[in-house]
Amino acid sequence: MTKQNVLIPDAIPVAVRDPKILPYPPPRGISIPRPKLLKHIEIGNTGPRINAWVDSMKASSPTHVKASSLSSLDDQTPWMDKHPSALRMFEQITSASKGKQIVMFLDYDGTLSPIVEDPDRAFMSDAMRTVVRKVARYFPTAIVSGRCRDKVYNFVKLAELYYAGSHGMDIKGPSKGHKYNTYNKSSRAVLFQPASEFLPMIDEVYEALIEKTKSIPGAKVENNKFCLSVHYRCVDEKKWSGLAEQVRSVLKAYPKLRLTQGRKVLEIRPTIKWDKGKALEFLLESLGFADCNDVLPVYIGDDRTDEDAFKVLRERGQGLGILVSKIPKDTNASYSLQEPSEVRDFLHRLVEWKRSLDIPGCK
Ligand SMILES: O=P(O)(O)OC[C@H]1O[C@H](O[C@H]2O[C@H](CO)[C@@H](O)[C@H](O)[C@H]2O)[C@H](O)[C@@H](O)[C@@H]1O
């Protein structure tokens, strides 16, 4: 395995040297403190804000959970009780879907593919592709990613899916015939790009960020078409404030852009009110499920940006959010899965369950 292919845990949940570090899952009765994350990072000129950036970068990249910080908790319910495993709760999930059309929404990085050092090598396994293909046979299925739509398509390679790239700012329907692809009947695929006017600005900022960050070893700027990623996974932690400073120096000239965070990545995107949650709602509407009670959207994701979709589901009181995480995180999701291999198992069980319903005499 080359260095580029090494699988990287964002958080190492098990105590090795420090006896105060909790094992995961935590013992019953012990809950886990919420890391302090800034929802949006303020882009200002004053010194202290950079410290806030760096604190937030560290908080979004936890390496362990310390028992000593448990005393600050106000909610003592164990995390796994609040967000039980979707595999363990599989029967409850399927019974909630009785009489309803499941619509699947799948994030890509950290959900369908494991997190790796090099974003260009975040490949999805053939087994995962096979199960996603099967899922799409039974349920309308969308990939919702922060990546550029073409790039995520090149990883997934399934023409029968909906794709929402650039955090939902670039939506396209299936290019291959699909029974749920209503728009293809008129041979026009769904296409929605609410941030088109920002393209020149995003390209300009991309060039500026490449130039500014080239002196920081390990920093990588990725052009995701309607948004940008500045990766710091391979940057020495001592250089994080330098990187944050460089990014801020570029962004202060662009008040129409905002900064959010993902897994060891700073995400730069237009200030428009559009995110993965809005994309989920748009897709449900495109599929004819706008004000419908007989639909069960299921969204599986691992990242801060997926929280916008989890929140939409929670607010609609409809559907299921499933967070992929090995460690407890503050989330609006109802269920959890630990890693992409569990996502694959969950999808596989969903397909088998649906198939069994179609067999006369079964269930
Ligand atoms: O919405 P997603 O599909 O989860 O995309 C979010 C970002 O994912 C990618 O970065 C993350 O995965 C990389 C590969 O495993 C990893 O190296 C990086 O540290 C992670 O943040 C992608 O490269 C970004 O552009 C996406 O915004």
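Naming follows an unreviewed UniProt entry, where the protein chain appears as Trehalose 6-phosphate phosphatase of Acorus gramineus. Recorded in UniProt for the protein chain, the comment headed Function (unreviewed entry) runs: "Removes the phosphate from trehalose 6-phosphate to produce free trehalose."

Confidence in the prediction of the protein chain, expressed as mean pLDDT, is 84, and 78% of residues score 70 or more. Every residue in residues 11–37 scores below 50 in pLDDT, and together they form 65 contacts with partners more than four places removed in sequence or on other chains. When the criterion is pLDDT under 50, residues 64–73 qualifies, and its contacts beyond four places in sequence or with other chains add up to 21 contacts. Confidence estimates for the predicted assembly give a pTM of 0.86 and an ipTM of 0.99.

Further remarks concern the site of the ligand. Every one of the 21 residues lining the ligand counts as a neighbour, but V116, E222, R233, R263 and K276 are closest to it. A distance of 2.6 Å separates an oxygen atom of the ligand from a polar backbone atom of V116. Between S229 and the ligand, the recorded distance is 2.9 Å, taken from a side-chain N or O atom to an oxygen atom. About the coverage of the ligand: the protein hides 100% of its 570 Å² of free accessible area. Only β7 (228–231) and β9 (265–270) provide two or more residues apiece to the shell around the ligand. Of the residues assigned to the shell around the ligand, the class counts are seven nonpolar, five polar and nine charged.

The rules we used
Residues numbered from 1 in each chain as written. Predicted model: local features only at pLDDT ≥ 70, side-chain atom pairs only at ≥ 80, totals over all residues. Heavy atoms only, no water. UniProt positions renumbered as here; feature names shortened; annotations may be inferred. pLDDT = per-residue confidence, 0-100. Contact = heavy atoms within 4.5 Å. Near = heavy atom within 4 Å. Polar contact = N/O pair within 3.5 Å; in protein donor to acceptor, adjacent residues only side chain to side chain. Areas by Shrake-Rupley, 256 points an atom, 1.4 Å probe, with all protein chains shown as cover. Helix = DSSP H or I, 4+ residues; strand = E, 2+ residues; numbered from the N terminus. Nonpolar A, V, L, I, M, F, W, Y, C, P; charged D, E, K, R; others polar.

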